[in-house]
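Here is what each chain is made of, one letter per residue.
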Amino acid sequence: MSELLSPEVDGATAAELLPEETVRAIADEIWASFIGEDEVLVPLDGDLPSETVSAWVGIDGPWRGRVVLTCSTSAAEELTRALLRGRAPAVLDAEDVEDGFGELANVLGGGLKALLPEASSLTLPMVGATPPSNGTDEHVVTSLWRGERIDIVICSVPLPH
Amino acid sequence: MSLASADFTYVADLVRRESAIVLSPGKEYLVEARLLPVARRSGDAGVAQLVERSRRRPDKATTQSIVEALTTNETSWYRDGDPFSQLGTTVFPQLLAQRSAGEKLRVWSAACSSGQEPYTIGMVASEVVPAGTSRVAITATDLSQEMVDRTRAGRFSQLEVNRGLPAPMLVRHFTRAGTEWEVSPALRSMVTTSTLNLAQPYPRMGPFDVVFLRNVIIYFDVPTKQEILRKVRAQMRPDGWLFLGAADTTLGVDPGWERVALGRTSAYRPIG
Amino acid sequence: MHALVIDDSRAMRRIVGGILEDLGYEITQAGDGQEALDKLEAGFVPDLACIDWNMPVMDGLSFVNAVRDNPQWRDVTLMMVTTESEHGQIVRALAAGAHEYLIKPFTPDALRDKLSLLGLVPVEVP
């Protein structure tokens, strides 16, 4: 059965629907308010370690896609700590980081979905060492935060046959 | 990295010359914080280098950037609340009773910054004045061209609309424009913008029924404050209203005003 | 003053709760609209409820509808705190009876500004 896409999104790529400039604008707002007033995502490249963690949300609507946030495990911890602004326990456990990092992906996904031409919904955030594989239509927005590489990947998610 | 005191003096003198705004000692942290982004944008390694370059070969653009960075204020909607609620419950109704039918009501937002104040005034007017969006004319001025341009554009980020703007007002007067929120055409049509340096002579404007001069005269020395209040009064109707900021006062500065209590706030009215 | 913080994310509950505590509130948490409703039905009536929209079991909009349907809970101030930021969504929430709407992400000052609008800042912070 073929999927009828709405005219605005039919054939549009992830990069066309949510270009880099837009992704950075939404991410910058999140960093400035939830991570810290002076915290910035610098549009520079860096190295990702072999061990990373990702948090992702799905966008469900006329266009189906996924927003994936990836960084080192230590950066994910630091982000969670900053997010909890001084209310973080001295030792963050895996659940704390999953929850905090996942919430960042959730807020990022929420900000981006509002910019799509038609109403869409978000799936609950998931966190893991390996996000689902992305297929061919993806675009990557890379930044440095406190010297660590943070990747935001937007990809289309075709319906399974 | 702290600012050298000679650098601070240079910047303070520059700002005072260009805008009559006084940066008193103790404001070094502010100068550093505000000038660091300016330095980055212009390719200087840091604030010291920016200052050095400005000192060695002053150019208009650099001077302008420095002055603008130090003379803009944090702003929010319905700032401090009471002046705007009093505008709606007392000032506009009184003016409507005193003016002839259809006569325009004129308001001046004299340090409009990125536009939250003039558009807040516009929202209050549209809520309480019949045909408010055409009956009330708002003049919005600021020292900074950048701020005036922002006010004219009427677009605000998500973070900006989260600051003190009641949600019912957001949905009534704004629509989403990409990642930002934009004021309605009706609201924007109420506001005319221009740059104006409060410390310089004013063009003929108004006469205004209401003036908002909030949180700006605090930066000026006493003689300049007196001059400003005198010039503002000359642009007002004799039965007009002046709103100052919570920390501002005409007391001891200009006797030509009567302070009037308005709920939990106050306004100033010209005497004589 | 008492606030009920309703969000399925523990991090968000900590963030919102933390800001409210700094302002002098006592906080109770709930992970979804049903849990929150159960607390109200058990007799706990807060001054303020901060409500996420998208939650399992019962979402925030349904919670708002349920509270506004009950005259006993008429004095509970309802503020949405959510990523839903489309104009239409905000209209829906206000029409359902939410008093205020705070879009994520937000700063502590933004939350405090909203409380000022509602007359709900218990502690005078300069």
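Residues numbered from 1 in each chain as written. Chains lettered and ligands numbered in written order. Predicted model: local features only at pLDDT ≥ 70, side-chain atom pairs only at ≥ 80, totals over all residues. Heavy atoms only, no water.

1. Observations regarding the overall build of chain B
Move 1: What chain B contains, in helices and strands, is twelve helices and ten strands.
Move 2: Rg of the C-alpha trace for chain B: 19 Å, near the compact-globule value of 19 Å for 272 residues, within the 12% margin.
Move 3: In terms of overall dimensions, chain B has a C-alpha envelope of 60 × 50 × 30 Å along the principal axes.
Move 4: Of the roughly 12,000 Å² of accessible surface on chain B, a fraction of 52% belongs to carbon and sulfur atoms.
Move 5: For chain B, the distance from the average site of its 33 positive side-chain charges to the average site of its 28 negative ones is 3 Å. (Helix = DSSP H or I, 4+ residues; strand = E, 2+ residues; numbered from the N terminus. Rg over C-alpha atoms; globule rule 2.2 N^0.38 Å. Areas by Shrake-Rupley, 256 points an atom, 1.4 Å probe, with all protein chains shown as cover. Lys, Arg positive; Asp, Glu negative; His and termini not counted. Charge placed at Lys NZ, Arg CZ, Asp CG, Glu CD.)

2. Thoughts on the packing of helix H5 (residues 82–98) of chain B against helix H6 (residues 116–128) of chain B
All names here are of chain B.
Move 1: Where H5 meets H6, the axes come as close as 10 Å, and the angle between the chain directions of the two elements is 55 degrees. Taken together, the axes of H5 and H6 are oblique relative to one another. The two elements H5 and H6 cross, and the hand of that crossing is right-handed. Between H5, through Phe84, Leu87, Gly88, Phe92 and Leu96, and H6, the contact on the second element is made entirely by Glu117, Thr120, Ile121, Val124, Ala125 and Val128.
Move 2: The residue inventory of the contact of H5 with H6, partitioned by class, reads eight nonpolar, two polar and one charged. (Axes fitted to C-alpha atoms, helices over the stretch in contact; angles between N-to-C directions. Parallel < 35°, antiparallel > 145°, perpendicular 65-115°, else oblique. Left-handed = near helix turned anticlockwise from the far one by under 90°. Contact = heavy atoms within 4.5 Å. Nonpolar A, V, L, I, M, F, W, Y, C, P; charged D, E, K, R; others polar.)

3. Structural notes on the interface of chain B and chain C
Move 1: Tallying the contact residues gives 16 residues for chain B and 18 residues for chain C.
Move 2: Overall, the association of chain B and chain C removes approximately 1,400 Å² of surface from exposure, summing both partners, and the carbon and sulfur fraction of that is 61%.
Move 3: Per-residue buried area on chain B facing chain C is highest for B:Asn162, B:Arg163 and B:Val171; these three make up 39% of the total on that side.
Move 4: At the boundary of chain B and chain C, one finds one salt bridge.
Move 5: Residue B:Arg163 pairs with C:Asp113 through a salt bridge whose shortest N-O separation is 2.6 Å. (Buried area = accessible area lost by both parts, 1.4 Å probe. Salt bridge = Lys/Arg side-chain N within 4 Å of Asp/Glu carboxyl O.)

4. What about the sheet that holds strand E5 (residues 100–103) of chain C?
All names here are of chain C.
Move 1: Taken together, five strands build an open sheet; the order of strands is E2-E1-E3-E4-E5 and the sheet is parallel. Strands at the two margins of the open sheet, each flanked by one partner only, are strand E2 (26–30) and E5. Averaged over all neighbouring strand pairs, the angle between strand axes comes to 20 degrees, with direction disregarded.
Move 2: Across four bridges, the pairing between strand E3 (residues 48–51) and strand E4 (residues 77–82) is parallel. (Pairing = 2+ DSSP bridges.)

5. Side note on helix H8 (residues 145–153) of chain B
All names here are of chain B.
Move 1: For H8, every residue scored as buried is listed here: Met147, Val148 and Thr151. Down the axis of H8, the sector holding all buried residues measures 100 degrees, keeping them to one side.
Move 2: Looking one or two residues beyond H8, the residue adopting positive phi is Gly154, at roughly 65 degrees. (Buried < 20%, exposed > 50% of the residue type's maximum accessible area, 1.4 Å probe, protein only. Arc of directions from axis to C-beta.)

6. Description of H6(B)
Residues and elements named next belong to chain B.
Move 1: Counted at 1.5 Å a residue, the expected span for H6 with its 13 residues is 18 Å, and the 18 Å between its end C-alpha atoms agrees.
Move 2: Most of H6 is tucked away: ten of the 13 residues are buried.
Move 3: Of all the positions in H6, only Gln116, Glu117, Pro118, Tyr119, Thr120, Ile121, Gly122, Met123, Val124 and Ala125 are classed as buried. (Expected span 1.5 Å × (residues − 1).)

7. Some details on the sheet that holds strand E4 (residues 174–177) of chain B
All names here are of chain B.
Move 1: Within the open sheet, the three strands sit side by side as E3-E5-E4. Their pairing is antiparallel. Two strands close off the open sheet at either side, each with one partner strand: strand E3 (155–157) and E4. For this sheet the average axis-to-axis angle between neighbouring strands, irrespective of direction, equals 35 degrees.
Move 2: Pairing of E4 with strand E5 (residues 180–183), which is carried by four bridges, proceeds in the antiparallel orientation.

8. A word on the environment of C:Pro71
Move 1: Residue placement: C:Pro71 occurs in the loop between helix H3 (60–68) and E4.
Move 2: When the C-alpha atoms of C:Pro71 and C:Val45 are compared, they prove to be 12 Å apart, with 26 residues separating the residues in sequence.

9. Remarks on the interface of chain A and chain B
Move 1: Contact residues are listed per partner, giving eight residues for chain A and six residues for chain B.
Move 2: Between chain A and chain B, a total of about 470 Å² is buried, with carbon and sulfur atoms accounting for 69% of that surface.
Move 3: For chain A, the biggest contributors to the area lost against chain B are A:Glu29, A:Ala114 and A:Leu115; these three give 69% of the whole.
Move 4: Inspection of the region where chain A meets chain B yields zero salt bridges.
Move 5: Run the count over chain A and chain B and you get one residue pair in polar contact (both at pLDDT 80 or more). (Polar contact = N/O pair within 3.5 Å; in protein donor to acceptor, adjacent residues only side chain to side chain.)

10. Some thoughts on the pairing of strand E1 (residues 52–60) of chain A
A regular strand carries its side chains on alternate faces of the sheet.
All names here are of chain A.
Move 1: Within E1, eight of the nine residues are buried, leaving the element largely enclosed by the surrounding structure.
Move 2: As paired elements, E1 and strand E2 (residues 65–72) share eight bridges and run antiparallel to each other. Bridge pairing links Ser54 to Thr70 in E2.
Move 3: The antiparallel hairpin formed by E1 and E2 contains four residues in its connecting segment.
Move 4: Strand direction decides the pairing type here: E1 and strand E4 (residues 126–128), joined by three bridges, are antiparallel.

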